[in-house]
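If you want the building blocks of each chain, they are given just below.
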Amino acid sequence: MNEVALLNRDVLEKLAGELNDPGLTLRFAMDYARMWKPRYEGLSAAVRRRDTMAALDAVISVRTSALMVGGLRLARIAGKLETVIRDGKFNRSPRLLNLISALGTATVMELQNSYIHARHH
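Fair warning: this is a prediction, and the values are worked out from it, not measured in the lab.

Thresholds applied
Residues numbered from 1 in each chain as written. Predicted model: local features only at pLDDT ≥ 70, side-chain atom pairs only at ≥ 80, totals over all residues. Heavy atoms only, no water. Helix = DSSP H or I, 4+ residues; strand = E, 2+ residues; numbered from the N terminus. Rg over C-alpha atoms; globule rule 2.2 N^0.38 Å. Contact = heavy atoms within 4.5 Å. Areas by Shrake-Rupley, 256 points an atom, 1.4 Å probe, with all protein chains shown as cover. Lys, Arg positive; Asp, Glu negative; His and termini not counted. Charge placed at Lys NZ, Arg CZ, Asp CG, Glu CD. Phe/Tyr/Trp six-rings, centres within 6.5 Å; stacked < 30°, edge-to-face > 60°. Expected span 1.5 Å × (residues − 1). Bend = angle between axes of the 7 residues up to and from the residue. Buried < 20%, exposed > 50% of the residue type's maximum accessible area, 1.4 Å probe, protein only.

The next subject is the overall build of the protein chain. Scanning the protein chain for helices and strands turns up five helices and zero strands. Traced from its N-terminal end to its C-terminal end, the protein chain shows the element sequence α-α-α-α-α. In terms of C-alpha radius of gyration, the protein chain reaches 15 Å, essentially the compact-globule figure of 14 Å for 121 residues. Reported as C-alpha extents along the three principal axes, the dimensions of the protein chain are approximately 45 × 30 × 20 Å. In the protein chain, once contacts between residues fewer than 6 apart in sequence are set aside, the share between residues at least 24 apart is 68%. If you sum the accessible surface of the protein chain, you get close to 6900 Å²; carbon and sulfur atoms cover 53% of it. In the protein chain, 18 side chains carry a positive charge and 12 a negative one; their mean positions are 7 Å apart.

Here's what the structure looks like:
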């Protein structure tokens, strides 16, 4: 089985080309890294409260922002949690939340090491 990439840097390189502004893409990556913890905490809190609308809003934010920086593995697991939330099966969420926490932290570290620090001299 092929493992989905933790971080596909080509996504950010493509974004930089589309925006024609590598500095803007770097700032976006830095903002993503800075916002990871509060974004995850909001998701976790909404899931713990079993607040379907807030949890959906938060998990969609995690999934789409991960896709935008190339965090493909994180986006895939967030998509699985989104399905669990939509199905109202919150009892299945703890394992997925733990995975999202670990993958999010690893994605941010990889983003910082392989993209942000490489471009932010």
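To continue, consider the packing of aromatic side chains. Summed over all chains, the structure comprises one aromatic pair. An angle of 35° between the planes, with centres 5.8 Å apart, marks the rings of W36 and Y40 as tilted. Taken as a pair, W36 and Y40 lie in helix α2 (residues 22-49) at a separation of four residues, close to a single helical turn.

The end-to-end C-alpha separation of helix α5 (residues 93-119) is 36 Å, in line with the 39 Å expected for 27 residues at 1.5 Å each. Largest kink in α5: about 40°, centred on Q112. Taken together, the buried positions of α5 are occupied by S93, L96, L97, I100, L103, G104, T107, V108, L111, S114, Y115 and I116. For α5, the elements touching its buried residues are α1 (9-19), α2, α3 (52-69) and α4 (72-86).

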